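Below are the chains, spelled out letter by letter.
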Amino acid sequence: MMPFDFIDHYLNTASSLSGDAVARRDAVQAALKDGLPTSKHENWRYTNLKALKSNAFALTSVADQNEMVIEDGLKDVSARLVFINGHYSPEQSQFFDERAKASIRISDEYSSALAVPDKTDVITGMNAGLMQAGAVINVAENCVIDLPISIQHISEGADYGAQFIRHTITLSEGASASVIEAFTGNDKTYWTNAITNIKLCDGAQLDHVRLSEEGVNAVHTSKAFVLMDAKAKYHALTLSLGGETTRFESHVRIQGEGAVATIDGAALASLGTSHDALTHIDHTVPNAHSDQVFRTIASKRGRTSFQGKVTVAQNAQKTLADQSFRALLLDRTGEANAKPELEILADDVKCSHGATVGELDENALFYMQSRGIDPDTARQILVEAFTGDALARLSEGALKDMLVAKTQNWMRTHLTSEAI
Amino acid sequence: MAGTTEAKQQIDEATREYKYGFVTDIESDMAPIGLSEDVIRFISAKKQEPEWLLKWRLKAYRQWLKMDEPNWAKLHYPPVDYDETYFFAAPKSGDKPKSLDEVDPELLETYKKLGIPLEEQKVLAGVEGARKVAVDAVFDSVSVATTFREELKKAGVVFMSISQAVQEYPEMVQKYMASVVPVRDNYFAALNCAVFTDGTFVYIPKGVRCPMELSTYFRINAENTGQFERTLIIADEGSYVSYLEGCTAPMRDENQLHAAVVELVVMDNAEIKYSTVQNWYPGDKDGKGGIYNFVTKRGICKGKNSKISWTQVETGSAVTWKYPSCVLAGENSVGEFYSVAVTNNYQQADTGTKMIHMGKNSRSTIISKGISAGKSQNTYRGLVKVLPSADGVRNFTQCDSLLVSDTSGAHTVPYIEIKNPTAQIEHEATTSKISEDQMFYCRARGLEEEEAVAMIVNGFCKDVMQHLPMEFAVEAQKLLGISLEGSVG
Amino acid sequence: MLNITDLHVNVGDSQIINGLNLRIKAGETHAIMGPNGAGKSTLASTLAGRTTFDVTSGSVDFEGQNLLEMEAHERVAAGLFLGFQYPVEIPGVSNLNFMRTAMNSIRKQLGKSELSAGEFLKEVRTVAAKLDMDFDMLKRFVNVGFSGGEKKRNEMVQMAMLNPKLAILDETDSGLDIDALRIVSDGINAQRRDDTAILMITHYQRLLDYVKPDFVHVLSAGQIVKSGGPELARELEEKGYAAVA
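Rules used in this analysis
Residues numbered from 1 in each chain as written. Chains lettered and ligands numbered in written order. Predicted model: local features only at pLDDT ≥ 70, side-chain atom pairs only at ≥ 80, totals over all residues. Pairing = 2+ DSSP bridges. Helix = DSSP H or I, 4+ residues; strand = E, 2+ residues; numbered from the N terminus. Axes fitted to C-alpha atoms, helices over the stretch in contact; angles between N-to-C directions. Buried ≥ 20, exposed ≤ 12 C-beta atoms within 10 Å, placed from the backbone. Contact = placed C-beta atoms within 7 Å. Left-handed = near helix turned anticlockwise from the far one by under 90°. Nonpolar A, V, L, I, M, F, W, Y, C, P; charged D, E, K, R; others polar.

Caption draft 1: Up close: the sheet that holds strand β9 (residues 166-170) of chain C. All names here are of chain C. With mixed pairing, 6 strands are arranged side by side in an open sheet as β6-β9-β10-β3-β11-β12. Since the sheet does not close on itself, it has two edges, and those belong to β6 (80-83) and β12 (223-228), each with one partner. Looking at each pair of strands side by side, their axes are set apart by 20° on average, direction ignored. Relative to strand β11 (residues 215-220), strand β3 (residues 29-33) runs parallel, the two sharing 4 bridges. Paired with Ala31 across the bridge in β11 is Val216.

Below, the structure written as structure tokens:
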């Protein structure tokens, strides 16, 4: 159980936020009744949330941003939305595309609705009750927004800030967009709790990237709830580079035939950090396709985990569902956990998953070295090729280049012999 | 339900009452209904057990009261009412069929298909007055069994009931019982510790290769010991034994609840091969009746180069909860798990293994084949864990599920937990249905639909079946076909 | 160019190379032959700097440098090349990226500036064309899905690109059909110059019909037990290792 004043704090906070105060209070109360999940909860087997039990956590407040320069590494975007300490910053945000401008508004209203229901989870419930701000993106029928919508989240607060962010993305029939959510922050202890609610109507197409470069003492829990209609395409990539603990969840429910969901992720853990991914793809109709590729790397007390579940309902015949998880352990202190799970109630399906854990291929390292490549470079090339599998499906362009550069940079700082 | 405070109170009250009112009747064949410390005292006294074992049982019982029935498996069954269960009793003779005419005709049909002689059918079906020598008959004659026993004695192999071992080899039993599956390991294991009625004890001395395959057939002395069985097998340095458990013929059993514990201990350079064919009553077509089978099986490879190989063919029981596991503590030790689980009608199976790698260069292989038919649910659940100290570990896991009906479920829940970078872990899983091409090809060569399914399923299971000892393999193959009858069309 | 003196090499607890002596001068082509388990591949990998092999005593001088003190990639920069018996597959890394990284890594070690993308491409195209390698093969991942012959051809392309002073070819002929063998031997012959040397390690004499060695050595139980001219190879082929060594 959680200390009483912890709950009390959140309850009082919830009532003071905008929107329906009573509903917010109720949401928090309901969520906190069982306390934060522990490793005994099956879905939280590999994620440790002890850090969040501190009584000191308080909702973040608006930051002084006079000195701030926001840099998302992307030259061409259709819009750049900036959230600082959980609050929208109109000063820092910019719109470059009329269609994007017409599609986006900002809201701080209470909302408990989720595209895919998740009634049991404390993290989700707290987000509903304590949500501070978020973007509401509605892309009209057949409207195509070519350039990415960049949503930057920056934590520049004091210790023990908790920020609750909730975005909603709806793509009408035939609409198409690309959204990147990036999270960065200072080295204070803070918690980012983010939810992205996504509805894709018939034939809509969304590329959705989430990038954690949170500060070294941060806890990041983010969840995407995705509902897919017929022939919708959802491509998700989660890239986990920062935070003391980063956890990405993707809950995808396919309710229209011919939908295609590709859920990929890469996590690079080092220096005692823990990077977790949990996915649940729920095939409720026939003739849909899902595929997942996750690659993780752990060195220097880093931990990675992947819990990937695919459920296929009884009538969801001709479902194709694949999943691949591979982990590299780069030294004796790294740890990798995986729980790839299939739950299948239809008979005419093809489902598979594969998982491997191991170290870098010694033969490949020696082969490269015997062609004159120094060991650091060789290791970096191999690790990059390994994680590259997870990024392979992202369409070529500035966004992908930026993400590749970020992983390379991570490897340079963490994987050279001096760093090891 | 026991385990809750309320239930505990009730039990406390009940036992308090017993203290004054209840007099243990050693002469009786039955303990009173339900479970209490007095019932355990009764069982222990009945079996003339030493004091230490009674204390151990009572401790286990108190532990069990504090525990909850596990609910994480993908199994749904009405809660077992432990207060309405006899823990030590022959069922009332009135419950037994008087002759084969009263036995479920479908069961008899199955016996016929397996080619079981009439007299043995009576034994298996539990017909009143059938020969007590019971299952020995499956292997044809008592005399053969006696010859075997003499041969074993010559080799120094100890093979006896665990009750007898408690009397004759108390040190060994005390040292190793619950050393692999601790009393508090899980709810059903704790229950077994408290109330186990009998089981098998095997000791293979140093350097001895057991001259024959040991089978429970030879040993089951009376009916009804199967409910809470305990098996302990110790393979000393450099020894080898192959142990067969179960029977291809479906055994009629009045006890719905089964909670066995099997422990294997393997020393340096020794090997135990443990094969099971489980075909207990699965319930009828509508899911009525059938055995609940909650088994804890675990072996420890204590010594270097030691090896445990589990092979199981699970076709029976209404509910199966079973994870034969290996603790690979010794250097270069090897763990293997080969499993076929067939579920049909309303059967539910949640089965798999745990491979815990502690020793350097330990290796494990997991091959699991699940076949779901009818309205059944079939789950593979497994854990591969590599501890930081275990360098050079190798694991290969292959889990395949075959769906034979669109009303059944196939589930795969593997856990992979690795804390050593030198480990090489590979896991693959697939789920699919019988390919229409394969079916058509078989039909075009003149096979009936059910024959075709049986043939394809047998092919699907080949990687596992080839690990069964010969005499089991042939019968098990037939059994697969029979288990799937009525699943197509 | 290469001077091996009293070399002893262990793998784990067992001694594989047991006091080996060999001297190779510029312009020479040597062949080491020997039965399986004689230590041929151990010698090749030890010279290339594989750390799983433990040099317990002896010395190896390469162009005036102590080879044993150098790391594997430094040996390449110094001009040593090992052609693998089993070239390694590296998924996710293209041949082009691999070769370019290698060339530039060596140039960096030698204090030279990096090759531009254009310069590199021009060179690799020329070399690939000479060795009949389709340019599309270069875009594919290193050795992934290559046939045995394609892998060995890839080794030859790499050798030509790196242009080593001393090329050690470990069973380069194994598993090749006649056409592939010709391509490989053409590659080796092209590398024979006054200022380079070749050390072929082989079980069969077949390759030696295409690449005529100046010296043939018989390796047995970790030592060179007999040396001679090309005629020794034919003698081995006719009489077997037991009779000759």
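Caption draft 2: Representation of helix α1 (residues 40-48) of chain C in the model. Residue and element names in this part refer to chain C. Burial analysis of α1 places 8 of its 9 residues in the buried class, which makes it a mostly covered element. Within α1, the full set of buried residues consists of Lys40, Thr42, Leu43, Ala44, Ser45, Thr46, Leu47 and Ala48. Downstream of α1 by a residue or two, Gly49 has a phi angle that is positive, lying close to 100°.

Caption draft 3: Seen up close, the environment of Trp410 of chain A. Residues and elements named next belong to chain A. Looking at the secondary structure, you find Trp410 in helix α7 (residues 398-415). When the 20 C-beta atoms within 10 Å are taken as the criterion, Trp410 is described as buried. Counting along the chain gives 142 residues from Trp410 to Leu268, while the straight-line C-alpha distance between them is 8.1 Å. Residue contacts for Trp410: discarding those within four places in its chain leaves Leu241 and Leu268.

Caption draft 4: Just the packing of helix α6 (residues 375-391) of chain A against α7 of chain A, in detail. All names here are of chain A. Interhelical geometry of α6 versus α7 gives an angle of 145° and a closest axis separation of 11 Å. For the element pair α6 and α7, the recorded crossing hand is right-handed. Every residue of α7 that contacts α6 at Arg379, Gln380, Val383, Glu384, Thr387 and Leu391 is listed here: Lys400, Leu403, Val404, Thr407, Gln408, Met411 and Leu415. Of the residues in the contact of α6 with α7, the class split is 6 nonpolar, 4 polar and 3 charged.

Caption draft 5: A look at the pairing of strand β17 (residues 394-403) of chain B. Residue and element names in this part refer to chain B. With 7 of 10 residues buried, β17 lies mostly within the body of the structure. Where strand β15 (residues 363-372) meets β17, 10 bridges bridge the pair, whose relative direction is parallel. Residue pairing for β17: Ile371 is matched across the bridge by Leu402. Direction of pairing for β17 relative to strand β19 (residues 424-433): parallel, over a ladder of 10 bridges. Across the sheet, Leu402 pairs through a bridge with Ser432, a residue of β19.

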